[in-house]
Amino acid sequence: MTRKFLTTVAAGALFATAFAPAAFSQTAPQPADPAATNQAAPADPAAPKPVTPDVTKPAGDAAQAPAAKPSTDMAQATYLTEQAPDQISANSYIGQSVYNGNNESIGSINDLILKKDGGIVAAIVGVGGFLGIGEKDVAVPMEKITVAQNTQDGSLKLTTSETAESLKAAPEFKTLAMQAAEKAPAATGTDTTATGSTTPK
């Protein structure tokens, strides 16, 4: 008898749990406070209407203030808009002849060496040779070059206290690429001999 009772209780428990979700899903519990949900409560004509803030307009004094415009002074301070009389374009240097104290051309500027954070370190002057053949590059510090600019047409005249002989005797300037190219064959030990066979088998 006890066994039959336990079997009936177990079957009832299984039955209740199997159909309980279906029974509960048909009726949803109602919240006690209608304001707690997104559904509006029935309107009471005597009750004052709640005030909802307008999120499209800023509150307070910001509603009357116009949007701030970018300052033209700030834009001009950030970007250059024109070249000043005391500024020289790098293109103005490249290709310019360099003159000695006797007004003789001793070479021309092939490149400029700049610091990463700004400023010119040296002018690379090509000296010797003829029409670029046999020419060598010498880095002349910028403090040894005087720049005179023609106020009429903006042209430059570069002079130095160096002589053609002193520049020809100076060591040749090597760029980072040239230095890497010199180190590459020695570091890798490249063998240029042919290893293939041309004899047919």
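Residues numbered from 1 in each chain as written. Predicted model: local features only at pLDDT ≥ 70, side-chain atom pairs only at ≥ 80, totals over all residues. Heavy atoms only, no water.

K.L.:
Go over the pairing of strand β6 (residues 156-160), please, and point to the residues and values.
P.N.:
Residues L156, L158 and T160 point to one face of β6 and are all buried, whereas K157 and T159, pointing to the other face, are not buried. As paired elements, strand β5 (residues 145-149) and β6 share five bridges and run antiparallel to each other. Its bridge partner being in β6, T146 is matched across the sheet by T159. In this structure, the hairpin formed by β5 and β6 is closed by a connection of six residues, where G154 is found at a positive phi of approximately 80°. (Buried < 20%, exposed > 50% of the residue type's maximum accessible area, 1.4 Å probe, protein only. Helix = DSSP H or I, 4+ residues; strand = E, 2+ residues; numbered from the N terminus. Pairing = 2+ DSSP bridges.)

K.L.:
Could you give an account of the pattern of salt bridges, with specific residues and numbers?
P.N.:
By the definition in use, this model includes two salt bridges. Here K144 ties to E162 by a salt bridge, and the two come within 3.1 Å at their closest N and O atoms. With K144 in the loop between β4 (136-141) and β5 and E162 in the loop between β6 and α4 (164-169), this pair connects stretches of sequence that are 18 residues apart. Two residues, K174 and E182, come together in a salt bridge whose shortest N-O distance is 3.1 Å. E182 gets classed as partly exposed once you look at its relative accessible area, which sits at 48%. (Salt bridge = Lys/Arg side-chain N within 4 Å of Asp/Glu carboxyl O.)

K.L.:
Describe the sheet that holds β6, with residues and values.
P.N.:
Reading across the sheet, the six strands line up as β4-β3-β2-β1-β6-β5 and stay open at both edges, with mixed pairing between neighbours. A strand with exactly one partner marks an edge of an open sheet, and here the two such strands are β4 and β5. In this sheet, adjacent strand axes meet at a mean angle of 40° when their direction is disregarded. One ladder, built from two bridges, connects strand β1 (residues 97-99) with β6; its direction is parallel. Note that in β6 the partner of V98 across the bridge is L158. (Axes fitted to C-alpha atoms, helices over the stretch in contact; angles between N-to-C directions.)

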